[in-house]
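The primary structure of each chain is shown beneath.
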Amino acid sequence: MKFVPSAAALFLAFGAGVAAAIAPKGDFFMPNFLTFWGSQLVVLACLAVCRPRAEVVAGVSVALTIYLAAFNYWNMSRAHPESMAWLGYFFSLPGAVIGAVAARYLSPGFSRPLLVGLVSSAMVLGGIAINQALVCSSLMYCGAT
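Residues numbered from 1 in each chain as written. Predicted model: local features only at pLDDT ≥ 70, side-chain atom pairs only at ≥ 80, totals over all residues. Heavy atoms only, no water.

Student: Help me understand the environment of C136, please; the structure alone is not making it clear to me.
Tutor: The residue C136 is located in helix α6 (residues 113-138) in this model. By relative accessible area, C136 is classed as partly exposed at 28%. When the C-alpha atoms of C136 and F91 are compared, they prove to be 9.9 Å apart, with 45 residues separating the residues in sequence. (Helix = DSSP H or I, 4+ residues; strand = E, 2+ residues; numbered from the N terminus. Buried < 20%, exposed > 50% of the residue type's maximum accessible area, 1.4 Å probe, protein only.)

What follows is the structure, given as structure tokens:
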């Protein structure tokens with residue numbers, strides 16, 4: 001299964017590409033890019049402590065990229081996009097860490113790399129969803145404006 005580490009690298013690069021695409025261009029491109037992609041790297045660094053399989057890293061990378069793109073789409077589709085709305089994104093990343101670590105410890109039960117990646121993505125997105133629900137019901141108002 002030599003394709004798996006390269007798939008993880010490909011999905012990490014895809015995450016960087018999405019972060020570069022959504023970062024506002026101009027003088028503050030690099031800080032914005034590093035904020036968007038760096039937050040994904042922080043989640044992956046927390047996961048790296050547990051020494052995950054490459055399939056788990058690939059699945060987590062896909063989930064984080066999907067969440068970044070979806071959150072940006074949601075924010076930019078609003079009548080008045082809020083720069084502070086990104087706090088909701090960052091506050092939901094602990095759920096991603098919990099989902100990623102849980103996926104790492106459940107992954108030995110699966111033998112197929114694609115299944116491990118899909119389960120890892122689902123667990124991370126589930127962790128994000130639960131965390132986002134908690135953030136929207138306590139710290140922030142996430143309704144329509």
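There's more to say after this.
Student: Would you explain the nonpolar core in this entry?
Tutor: Across soluble globular proteins, nonpolar side chains have a tendency to be buried as a group. Residues V60, L64, L68 and V124 are the most contacted members of the largest nonpolar core, which totals 29 residues. Counting residues per element, the ones that place at least two in this core are α1 (3-22), α2 (29-48), α3 (54-76), α4 (86-91), α5 (93-106) and α6. The greatest single-element share of this core, amounting to nine residues, is contributed by α3. Among residues more than four places away in sequence, those in contact with V124 are V60, A63, L64, G95, A96, G99 and A100. (Core = buried A, V, L, I, M, F, W, Y, C linked by side-chain atoms within 4.5 Å. Contact = heavy atoms within 4.5 Å.)

Student: Would you mind showing me how to read the packing of α3 against α6 here?
Tutor: Any two packed helices are characterised by the angle at which their axes cross and by the distance between the axes. Interhelical geometry of α3 versus α6 gives an angle of 40° and a closest axis separation of 7 Å. In terms of orientation, α3 and α6 fall into the oblique class. Crossing geometry of α3 relative to α6 is assigned as right-handed. In this structure, α3 uses E55, V56, G59, V60, V62, A63, L64, Y67 and F71 to contact α6, whose residues at the interface are P113, V116, G117, S120, S121, V124, L125, I128 and Q132. Taken together, the residues of the contact of α3 with α6 sort by class into twelve nonpolar, five polar and one charged. (Axes fitted to C-alpha atoms, helices over the stretch in contact; angles between N-to-C directions. Parallel < 35°, antiparallel > 145°, perpendicular 65-115°, else oblique. Left-handed = near helix turned anticlockwise from the far one by under 90°. Nonpolar A, V, L, I, M, F, W, Y, C, P; charged D, E, K, R; others polar.)

Student: Is there a simple way to think about the side chain of Q40 in this case?
Tutor: Examined against the element boundaries, Q40 turns out to sit in helix α2. The residues contacting Q40, other than those within four sequence positions of it, are G15, L64, T65, L68 and Y89.

Student: Just to check I follow, could you spell out unusual backbone geometry for this structure?
Tutor: Among all residues save glycine, negative phi is the norm, and among peptide bonds the norm is trans. Although it is not a glycine, R51 sits at a positive phi angle of roughly 50°. Within the secondary structure layout, R51 lies in the loop between α2 and α3. Under the relative-accessibility criterion, R51 is labelled exposed at 71%.

Student: Just to check I follow, could you spell out the packing of aromatic side chains for this structure?
Tutor: Each aromatic ring pair is specified by the distance between its two centres and by the angle formed by the two planes. Taken as a whole, this structure holds ten aromatic pairs when the rule is applied. Arranged with centres 5.1 Å apart and planes meeting at 50°, the rings of F71 and W86 form a pair that is tilted. Here W86 lies in helix α4 and F71 lies in helix α3, a separation of 15 residues in the sequence. Classification of F71 as buried rests on a relative accessible area of 7%. For W86, a relative accessible area of 9% translates into the label buried. Measuring from ring centre to ring centre gives 5.4 Å for W86 and Y89, while their planes differ by 75°; the resulting arrangement is edge-to-face. Taken together, the residues span about one helical turn, with W86 and Y89 both in helix α4 at a distance of three residues. Each member of the pair W86 and Y89 is classed as buried. Through a chain of ring-to-ring contacts, the aromatic side chains of F36, Y67, F71, W74, W86, Y89 and F90 assemble into a single cluster. The residue whose ring lies beneath R104 is Y105, and the NZ or CZ to ring-centre distance is 4.5 Å. (Phe/Tyr/Trp six-rings, centres within 6.5 Å; stacked < 30°, edge-to-face > 60°. Lys NZ or Arg CZ within 6 Å of the ring centre and 35° of its normal.)

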